[in-house]
Amino acid sequence: QVQLVESGGGLVQPGGSLRLSCAASGFTFSSYAMSWYRQAPGKERELVAAITSAGGSTNYADSMKGRFTISRDNAKNTVYLQMNSLKPEDTAVYYCNAQLWDGDYWGKGTLVTVSS
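Attention here is on the structure that accompanies the text. (Residues numbered from 1 in each chain as written. Predicted model: local features only at pLDDT ≥ 70, side-chain atom pairs only at ≥ 80, totals over all residues. Heavy atoms only, no water.)

Let's talk about the sheet that holds strand β7 (residues 68-73)
Turning to step 1, where the next piece is worked out: The strand order across the open sheet built from 4 strands is β1-β3-β8-β7, with neighbouring strands paired in antiparallel fashion. Every interior strand has two partners, whereas the edge strands, β1 (3-7) and β7, have only one. On average, adjacent strands in this sheet sit at an angle of 15 degrees to one another, irrespective of strand direction.
Turning to step 2, where the next piece is worked out: Direction of pairing for β7 relative to strand β8 (residues 78-83): antiparallel, over a ladder of 6 bridges. Note on β8: the bridge partner recorded for S71 is Y80. (Pairing = 2+ DSSP bridges. Helix = DSSP H or I, 4+ residues; strand = E, 2+ residues; numbered from the N terminus. Axes fitted to C-alpha atoms, helices over the stretch in contact; angles between N-to-C directions.)

Spelled out as structure tokens, the structure:
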């Protein structure tokens, strides 16, 4: 079955960096675009970044442009989110997403807390 497992979250100070990973299994990873979303307390889930199947094209939410970088390693079935210059408003649960032939799949999320 399809599984998406996020890791790499934690507590970081403002201005710091974190790299999130999402390990995928149960489908042909290299055939699908992948995305990262986040949900802050009391807010709706929002798109953070997306990457095409071969990694040749990416897009970002405006507030993340220049600070976050999405990438993937199709040999390892893993998608990454490098987050730099983190701000307190980046505090959220970050989710990995795959839109497959039979629907949307989500990981359980990893919590990122940006605080001094």
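Here the narrative resumes.
Details of the environment of N84
Turning to step 1, where the next piece is worked out: Within the fold, N84 resides in the loop between β8 and β9 (92-100).
Turning to step 2, where the next piece is worked out: Residue classification places N84 among the partly exposed positions, given a relative accessible area of 29%.
Turning to step 3, where the next piece is worked out: Sequence-wise, N84 and Q99 are 15 residues apart; in three dimensions their C-alpha atoms are separated by 26 Å.
Turning to step 4, where the next piece is worked out: Residues contacting N84, with those up to four places away along its chain left out, are G16, S17, R67 and F68.
Turning to step 5, where the next piece is worked out: Here the side chain of N84 touches S17 through a polar contact of 2.9 Å, side chain to side chain. (Buried < 20%, exposed > 50% of the residue type's maximum accessible area, 1.4 Å probe, protein only. Contact = heavy atoms within 4.5 Å. Polar contact = N/O pair within 3.5 Å; in protein donor to acceptor, adjacent residues only side chain to side chain.)

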